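Structural description and commentary
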Amino acid sequence: MELRGHAEITAMIDHVTQHGYSSAEYDRGLLAALRWVAGLTTAPPISDVPLGRPVTAFDADHEQDRAYEAMSVLAEPKLREGAEVQGHDYVTGVENTLAWAVGDDGLATPWG
């Protein structure tokens, strides 16, 4: 497993910033995940604890798991509360985007 290339990640950031992708809340999650993976922000979008180093595919995969977990009523309170504050579509956007960032089919690329 490896992260998609920086150019592809920044192309998605640019596209979503200019044209949107889905709902505003989903797009917020999508952009938060991409900006974190691209190194433009330091704190992951769900766990919110900076790594202090560049994001790896393992980190993105782990954060995707945290997003998936946050959507469950059985999630640890901090994750569940964060998901309630950010909104379900935000968390779904993060989860789908991080799946895509590590090579899965979480998102359809608008250009291809």
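The coordinates are above.
Residues numbered from 1 in each chain as written. Predicted model: local features only at pLDDT ≥ 70, side-chain atom pairs only at ≥ 80, totals over all residues. Heavy atoms only, no water.

Attention now moves to the nonpolar core. Counting 29 residues, the largest nonpolar core has Leu30, Val37 and Ile46 as the members making the most contacts within it. Secondary-structure elements contributing two or more residues to this core are helix H1 (6-19), helix H2 (24-37), helix H3 (57-70), helix H4 (77-86) and helix H5 (88-101). Beyond its immediate chain neighbours, meaning those up to four positions away, Leu30 contacts Met12, Val16, Tyr21, Gly93, Val94, Thr97 and Leu107. (Core = buried A, V, L, I, M, F, W, Y, C linked by side-chain atoms within 4.5 Å. Buried < 20%, exposed > 50% of the residue type's maximum accessible area, 1.4 Å probe, protein only. Helix = DSSP H or I, 4+ residues; strand = E, 2+ residues; numbered from the N terminus. Contact = heavy atoms within 4.5 Å.)

Here we take up the packing of H3 against H5. A packed helix pair is summarised by two numbers, namely the angle formed by the two axes and the spacing between the axes. Running from amino to carboxyl end, H3 crosses H5 at an angle of 150°, the nearest separation of the two axes being 8 Å. Between H3 and H5, the crossing angle belongs to the class labelled roughly antiparallel. You can see that H3 and H5 cross each other, and the crossing is left-handed. In this structure, H3 contributes Ala60, Glu63, Gln64, Ala67, Tyr68 and Ala70 to the contact, and H5 contributes Val91, Val94, Glu95, Leu98 and Ala99. Across the contact of H3 with H5, the residue classes tally to 8 nonpolar, 1 polar and 2 charged. (Axes fitted to C-alpha atoms, helices over the stretch in contact; angles between N-to-C directions. Parallel < 35°, antiparallel > 145°, perpendicular 65-115°, else oblique. Left-handed = near helix turned anticlockwise from the far one by under 90°. Nonpolar A, V, L, I, M, F, W, Y, C, P; charged D, E, K, R; others polar.)

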